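Observations on the model geometry
Chain by chain, the residues:
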Amino acid sequence: MVELEVTHFANIETLHAFPAGKSAGPLPCVIFYHGFTSSKLVYSYFAVALAQAGMRVIMPDAPEHGARFNGDARQRLSHFWQILQGNFNEFAGLCAALHARRLVDADRLAVGGASMGGMTALGLMTQFPQIRCVASLMGSGYFSTLSRSLFPPLTVTSPEEQARFDDITAPLAKWDVSSQLSTLADRPLLLWHGEEDDVVPAVETLRLQQAMSEQKLDKQLTCLWEAGVKHRITPDALEATVRFFSRHL
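Keep in mind that this is a model prediction, so the values were computed, not measured.

Okay, the pairing of strand β2 (residues 12-19) next. Buried residues dominate β2, accounting for seven of its eight residues. Both strand β1 (residues 2-9) and β2 contribute to a ladder of eight bridges, which runs antiparallel. Paired with Phe 9 across the bridge in β2 is Ile 12. Between the end of β1 and the start of β2, which pair antiparallel, lie two residues, with Ala 10 showing a positive phi angle near 55 degrees. With four bridges joining them, β2 and strand β4 (residues 56-60) adopt antiparallel strand pairing. Bridging across to β4, His 16 finds its partner in Ile 58.

Here it is in C-alpha coordinates:
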(Lines give C-alpha, C1' and ligand atoms only; values in the text may rest on other atoms or scores of the structure.)
Protein backbone atom coordinates (compact mmCIF):
# COMPACT_ATOMS: atom_id res chain seq x y z
CA MET A 1 0.00 0.00 0.00
CA VAL A 2 1.14 3.51 -0.77
CA GLU A 3 -0.14 6.98 -0.05
CA LEU A 4 0.08 10.08 -2.21
CA GLU A 5 -0.48 13.72 -1.38
CA VAL A 6 -0.01 17.03 -3.09
CA THR A 7 2.02 19.35 -0.90
CA HIS A 8 4.65 22.09 -1.04
CA PHE A 9 8.37 21.93 -0.46
CA ALA A 10 10.40 25.13 -0.83
CA ASN A 11 7.22 26.81 -2.13
CA ILE A 12 7.00 24.33 -5.04
CA GLU A 13 3.91 22.20 -5.46
CA THR A 14 4.96 18.56 -5.49
CA LEU A 15 3.49 15.10 -5.56
CA HIS A 16 4.65 13.29 -2.42
CA ALA A 17 4.42 9.48 -2.39
CA PHE A 18 5.44 7.11 0.38
CA PRO A 19 4.68 3.67 1.83
CA ALA A 20 1.39 3.71 3.73
CA GLY A 21 1.69 5.22 7.19
CA LYS A 22 5.14 6.72 6.60
CA SER A 23 4.39 10.32 5.69
CA ALA A 24 6.85 11.42 8.39
CA GLY A 25 10.23 10.05 9.35
CA PRO A 26 13.34 9.30 7.32
CA LEU A 27 13.19 7.10 4.22
CA PRO A 28 15.40 6.58 1.17
CA CYS A 29 14.22 9.41 -1.06
CA VAL A 30 14.01 9.88 -4.83
CA ILE A 31 13.41 13.30 -6.35
CA PHE A 32 11.92 12.58 -9.77
CA TYR A 33 11.49 15.15 -12.55
CA HIS A 34 8.85 15.02 -15.30
CA GLY A 35 9.21 15.80 -18.99
CA PHE A 36 8.63 18.95 -21.02
CA THR A 37 4.96 20.07 -21.36
CA SER A 38 3.99 17.34 -18.90
CA SER A 39 3.50 17.47 -15.12
CA LYS A 40 4.04 15.67 -11.84
CA LEU A 41 0.61 14.05 -12.08
CA VAL A 42 1.22 12.64 -15.56
CA TYR A 43 4.37 10.92 -14.26
CA SER A 44 2.75 9.78 -11.01
CA TYR A 45 3.12 6.12 -11.99
CA PHE A 46 6.81 6.46 -11.15
CA ALA A 47 5.88 7.77 -7.72
CA VAL A 48 3.54 4.83 -7.10
CA ALA A 49 6.05 2.20 -8.27
CA LEU A 50 8.95 3.62 -6.26
CA ALA A 51 6.84 4.08 -3.12
CA GLN A 52 5.69 0.47 -3.43
CA ALA A 53 9.39 -0.45 -3.29
CA GLY A 54 9.77 1.40 0.02
CA MET A 55 10.98 4.80 -1.07
CA ARG A 56 9.79 8.34 -0.48
CA VAL A 57 9.22 10.08 -3.81
CA ILE A 58 9.16 13.83 -4.38
CA MET A 59 7.91 14.94 -7.81
CA PRO A 60 7.97 18.72 -8.28
CA ASP A 61 6.25 20.60 -11.05
CA ALA A 62 8.91 22.26 -13.19
CA PRO A 63 8.63 26.01 -13.76
CA GLU A 64 5.75 26.78 -16.17
CA HIS A 65 4.31 23.26 -15.74
CA GLY A 66 1.45 21.64 -13.88
CA ALA A 67 0.20 23.85 -11.08
CA ARG A 68 2.77 26.46 -12.15
CA PHE A 69 1.56 26.74 -15.77
CA ASN A 70 0.01 30.06 -16.77
CA GLY A 71 -1.76 28.62 -19.83
CA ASP A 72 0.53 30.13 -22.48
CA ALA A 73 1.69 27.00 -24.33
CA ARG A 74 3.33 28.93 -27.15
CA GLN A 75 5.46 30.96 -24.76
CA ARG A 76 6.49 27.82 -22.88
CA LEU A 77 7.71 26.12 -26.07
CA SER A 78 10.35 28.83 -26.46
CA HIS A 79 11.54 28.51 -22.85
CA PHE A 80 12.71 24.90 -22.66
CA TRP A 81 16.27 25.73 -21.64
CA GLN A 82 15.24 28.41 -19.15
CA ILE A 83 12.86 25.90 -17.56
CA LEU A 84 15.64 23.31 -17.34
CA GLN A 85 17.84 25.92 -15.69
CA GLY A 86 15.00 26.60 -13.27
CA ASN A 87 14.99 22.94 -12.21
CA PHE A 88 18.71 23.21 -11.51
CA ASN A 89 18.34 26.41 -9.53
CA GLU A 90 15.54 25.06 -7.35
CA PHE A 91 17.14 21.76 -6.38
CA ALA A 92 19.19 22.97 -3.40
CA GLY A 93 16.15 24.59 -1.79
CA LEU A 94 14.10 21.45 -2.35
CA CYS A 95 16.75 19.31 -0.67
CA ALA A 96 17.03 21.73 2.26
CA ALA A 97 13.27 21.56 2.80
CA LEU A 98 13.29 17.76 2.81
CA HIS A 99 16.18 17.59 5.27
CA ALA A 100 14.61 20.24 7.49
CA ARG A 101 11.57 17.98 7.87
CA ARG A 102 13.84 14.94 8.38
CA LEU A 103 12.28 13.04 5.52
CA VAL A 104 15.54 11.69 4.03
CA ASP A 105 17.29 8.69 5.57
CA ALA A 106 20.86 9.94 6.15
CA ASP A 107 22.47 10.40 2.73
CA ARG A 108 20.09 8.12 0.85
CA LEU A 109 18.99 10.72 -1.69
CA ALA A 110 18.67 9.94 -5.40
CA VAL A 111 17.49 11.81 -8.48
CA GLY A 112 15.70 10.52 -11.54
CA GLY A 113 13.75 11.86 -14.45
CA ALA A 114 12.49 11.34 -17.97
CA SER A 115 13.17 13.49 -21.05
CA MET A 116 13.67 17.02 -19.69
CA GLY A 117 13.62 15.35 -16.29
CA GLY A 118 16.42 13.02 -17.38
CA MET A 119 18.43 16.03 -18.46
CA THR A 120 17.76 17.59 -15.08
CA ALA A 121 19.00 14.48 -13.32
CA LEU A 122 22.26 14.38 -15.30
CA GLY A 123 22.94 18.07 -14.79
CA LEU A 124 22.34 17.84 -11.05
CA MET A 125 24.70 14.88 -10.82
CA THR A 126 27.56 17.09 -12.00
CA GLN A 127 27.12 19.58 -9.14
CA PHE A 128 25.71 17.73 -6.13
CA PRO A 129 27.97 14.97 -4.79
CA GLN A 130 25.42 14.18 -2.08
CA ILE A 131 23.19 12.55 -4.70
CA ARG A 132 23.83 8.85 -4.19
CA CYS A 133 22.65 7.59 -7.60
CA VAL A 134 20.90 8.88 -10.72
CA ALA A 135 18.54 7.50 -13.36
CA SER A 136 18.17 9.38 -16.64
CA LEU A 137 15.53 8.11 -19.04
CA MET A 138 15.59 9.33 -22.67
CA GLY A 139 17.65 12.36 -21.62
CA SER A 140 20.93 14.03 -22.49
CA GLY A 141 23.61 15.87 -20.59
CA TYR A 142 25.11 17.66 -23.59
CA PHE A 143 23.14 20.85 -23.20
CA SER A 144 25.50 23.24 -24.95
CA THR A 145 25.26 21.42 -28.26
CA LEU A 146 21.71 20.08 -28.00
CA SER A 147 20.27 23.55 -27.37
CA ARG A 148 21.05 24.42 -30.99
CA SER A 149 18.61 21.82 -32.33
CA LEU A 150 16.18 20.83 -29.55
CA PHE A 151 13.66 23.57 -28.67
CA PRO A 152 16.13 26.38 -29.42
CA PRO A 153 15.21 29.50 -27.44
CA LEU A 154 15.07 31.60 -30.61
CA THR A 155 15.94 31.54 -34.29
CA VAL A 156 19.27 33.22 -34.89
CA THR A 157 19.27 35.50 -37.93
CA SER A 158 21.46 38.35 -36.71
CA PRO A 159 24.40 39.05 -34.39
CA GLU A 160 22.00 40.55 -31.88
CA GLU A 161 19.91 37.39 -31.78
CA GLN A 162 23.07 35.29 -31.48
CA ALA A 163 24.03 37.33 -28.43
CA ARG A 164 20.60 36.76 -26.89
CA PHE A 165 20.85 33.03 -27.65
CA ASP A 166 24.26 32.88 -25.97
CA ASP A 167 22.97 34.72 -22.91
CA ILE A 168 20.22 32.14 -22.51
CA THR A 169 22.35 29.05 -23.05
CA ALA A 170 25.65 30.11 -21.42
CA PRO A 171 24.55 29.21 -17.86
CA LEU A 172 23.96 25.62 -19.01
CA ALA A 173 27.71 25.05 -19.42
CA LYS A 174 28.08 24.62 -15.66
CA TRP A 175 25.75 21.60 -15.77
CA ASP A 176 26.95 20.08 -19.06
CA VAL A 177 28.46 16.60 -18.71
CA SER A 178 31.01 16.93 -21.49
CA SER A 179 33.89 18.03 -19.24
CA GLN A 180 32.63 16.35 -16.05
CA LEU A 181 32.56 12.64 -16.86
CA SER A 182 34.61 11.68 -13.81
CA THR A 183 31.96 13.29 -11.62
CA LEU A 184 29.33 11.00 -13.14
CA ALA A 185 31.55 7.96 -12.75
CA ASP A 186 31.87 7.96 -8.97
CA ARG A 187 28.24 6.90 -8.36
CA PRO A 188 25.76 4.48 -9.92
CA LEU A 189 24.15 5.89 -13.07
CA LEU A 190 21.33 4.40 -15.13
CA LEU A 191 20.77 5.54 -18.71
CA TRP A 192 17.73 4.29 -20.62
CA HIS A 193 16.68 5.22 -24.15
CA GLY A 194 14.34 3.99 -26.86
CA GLU A 195 16.37 3.38 -29.99
CA GLU A 196 13.85 5.16 -32.25
CA ASP A 197 13.40 8.26 -30.06
CA ASP A 198 12.01 11.00 -32.27
CA VAL A 199 12.48 13.89 -29.83
CA VAL A 200 15.71 13.42 -27.89
CA PRO A 201 17.93 11.38 -30.23
CA ALA A 202 19.15 8.09 -28.79
CA VAL A 203 22.61 9.03 -30.03
CA GLU A 204 22.75 11.46 -27.10
CA THR A 205 22.81 8.56 -24.65
CA LEU A 206 25.15 6.57 -26.89
CA ARG A 207 27.52 9.52 -26.93
CA LEU A 208 27.70 9.58 -23.14
CA GLN A 209 28.03 5.83 -22.88
CA GLN A 210 30.91 5.76 -25.37
CA ALA A 211 32.68 8.73 -23.76
CA MET A 212 32.60 7.09 -20.34
CA SER A 213 33.64 3.73 -21.76
CA GLU A 214 36.58 5.18 -23.69
CA GLN A 215 37.89 6.82 -20.52
CA LYS A 216 37.25 3.66 -18.47
CA LEU A 217 34.72 5.51 -16.32
CA ASP A 218 31.83 3.11 -16.86
CA LYS A 219 32.20 0.67 -13.96
CA GLN A 220 29.07 2.04 -12.28
CA LEU A 221 27.18 2.78 -15.50
CA THR A 222 24.12 0.80 -16.55
CA CYS A 223 22.93 1.59 -20.06
CA LEU A 224 19.72 0.04 -21.38
CA TRP A 225 18.14 0.29 -24.82
CA GLU A 226 14.76 -0.69 -26.23
CA ALA A 227 14.46 -1.43 -29.91
CA GLY A 228 11.61 0.16 -31.85
CA VAL A 229 10.66 2.55 -29.04
CA LYS A 230 10.13 6.24 -29.74
CA HIS A 231 9.95 9.04 -27.15
CA ARG A 232 7.94 7.32 -24.45
CA ILE A 233 8.38 5.39 -21.24
CA THR A 234 7.74 1.65 -21.43
CA PRO A 235 6.88 -0.84 -18.66
CA ASP A 236 10.41 -2.20 -18.97
CA ALA A 237 11.85 1.27 -18.41
CA LEU A 238 9.73 1.73 -15.30
CA GLU A 239 10.71 -1.67 -13.92
CA ALA A 240 14.40 -1.04 -14.64
CA THR A 241 14.23 2.26 -12.77
CA VAL A 242 12.65 0.67 -9.70
CA ARG A 243 15.24 -2.13 -9.73
CA PHE A 244 18.07 0.37 -10.05
CA PHE A 245 17.00 2.54 -7.14
CA SER A 246 16.11 -0.48 -4.99
CA ARG A 247 19.63 -1.78 -5.48
CA HIS A 248 21.66 1.39 -5.17
CA LEU A 249 19.68 3.64 -2.84
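Let's pick the thread back up.
One non-glycine residue with positive phi stands out, namely Ala 106, at about 50 degrees. Tracing the sequence through the fold places Ala 106 in strand β5 (residues 104-114). The class for Ala 106 is exposed, based on a relative accessible area of 58%. Backbone geometry places Phe 151, a non-glycine residue, at a positive phi of 45 degrees. Mapped onto the elements, Phe 151 comes out in the loop between α5 (143-146) and α6 (159-169).

Moving on, we come to the packing of helix α1 (residues 44-52) against helix α9 (residues 235-248). Contact pair α1 / α9: the axes reach a minimum separation of 10 Å and the direction vectors enclose 40 degrees. Classified by the angle between their axes, α1 and α9 sit oblique to one another. Relative to α9, the crossing made by α1 is right-handed. Residues Tyr 45, Phe 46, Ala 49 and Leu 50 of α1 lie in contact with α9, whose contacting residues are Leu 238, Thr 241, Val 242 and Phe 245. Each residue belonging to the contact of α1 with α9 can be placed in one class, and the counts come to seven nonpolar, one polar and no charged.

Take empty space enclosed by the protein next. A complete count under the given rule lists one cavity of 30 Å³ or more for this structure. Around the largest cavity, the lining residues are Ile 12, Tyr 33, Pro 60, Asp 61, Ala 62, Arg 68, Asn 87, Glu 90, Phe 91 and Leu 94. Top element by residues in the lining of the largest cavity is helix α3 (residues 80-100). It accounts for four residues.

A few words now on the side chain of Ser 140. As for its placement among the helices and strands, Ser 140 is situated in the loop between β6 (133-137) and α5. According to the relative accessible area criterion, Ser 140 is buried, its value standing at 1%. Engagement of the side chain of Ser 140 in a polar contact is seen with the backbone nitrogen of Tyr 142, the distance being 3.1 Å. Separated by 2.5 Å, the side chains of Ser 140 and Glu 204 make a polar contact. When neighbours within four sequence positions are excluded, Ser 140 is seen to be in contact with Met 119, Leu 122, Leu 146, Val 200 and Glu 204.

Attention now moves to the environment of Ser 39. Examined against the element boundaries, Ser 39 turns out to sit in the loop between β3 (27-33) and α1. Given the relative accessible area of 12%, Ser 39 is considered buried. Ignoring any residue separated from it by four or fewer positions in sequence, one finds Ser 39 in contact with His 34, Asp 61 and Gly 66.

With that settled, the discussion passes to helix α8 (residues 203-214). Residues spaced three or four apart along an α-helix point in a common direction, a consequence of the helix completing one turn every 3.6 residues. Between the first and last C-alpha of α8 there are 16 Å, a value that for 12 residues agrees with the 16 Å anticipated at 1.5 Å per step. All of the buried residues along α8 are Glu 204, Thr 205, Leu 208, Ala 211 and Met 212. Considered in projection along α8, the buried side chains sweep an arc of 130 degrees and stay on one side of the axis. Structural note: α8 exposes Val 203 and Glu 214 on the side pointing more than 90 degrees away from its buried face. Its buried side turned inward, α8 meets α4 (116-127), α5, α7 (181-185), β7 (189-194) and β8 (221-226). Looking one or two residues beyond α8, the residue adopting positive phi is Lys 216, at roughly 55 degrees.

The rules behind the values
Residues numbered from 1 in each chain as written. Predicted model: local features only at pLDDT ≥ 70, side-chain atom pairs only at ≥ 80, totals over all residues. Heavy atoms only, no water. Buried < 20%, exposed > 50% of the residue type's maximum accessible area, 1.4 Å probe, protein only. Helix = DSSP H or I, 4+ residues; strand = E, 2+ residues; numbered from the N terminus. Pairing = 2+ DSSP bridges. Axes fitted to C-alpha atoms, helices over the stretch in contact; angles between N-to-C directions. Parallel < 35°, antiparallel > 145°, perpendicular 65-115°, else oblique. Left-handed = near helix turned anticlockwise from the far one by under 90°. Contact = heavy atoms within 4.5 Å. Nonpolar A, V, L, I, M, F, W, Y, C, P; charged D, E, K, R; others polar. 1 Å grid on protein atoms, 1.4 Å probe; cavity = no way out; pocket = protein on both sides within 12 Å on 5 of 7 lines; lining within 4 Å. Points joined across faces, edges and corners; volume = space filled by probe spheres on them. Polar contact = N/O pair within 3.5 Å; in protein donor to acceptor, adjacent residues only side chain to side chain. Expected span 1.5 Å × (residues − 1). Arc of directions from axis to C-beta.

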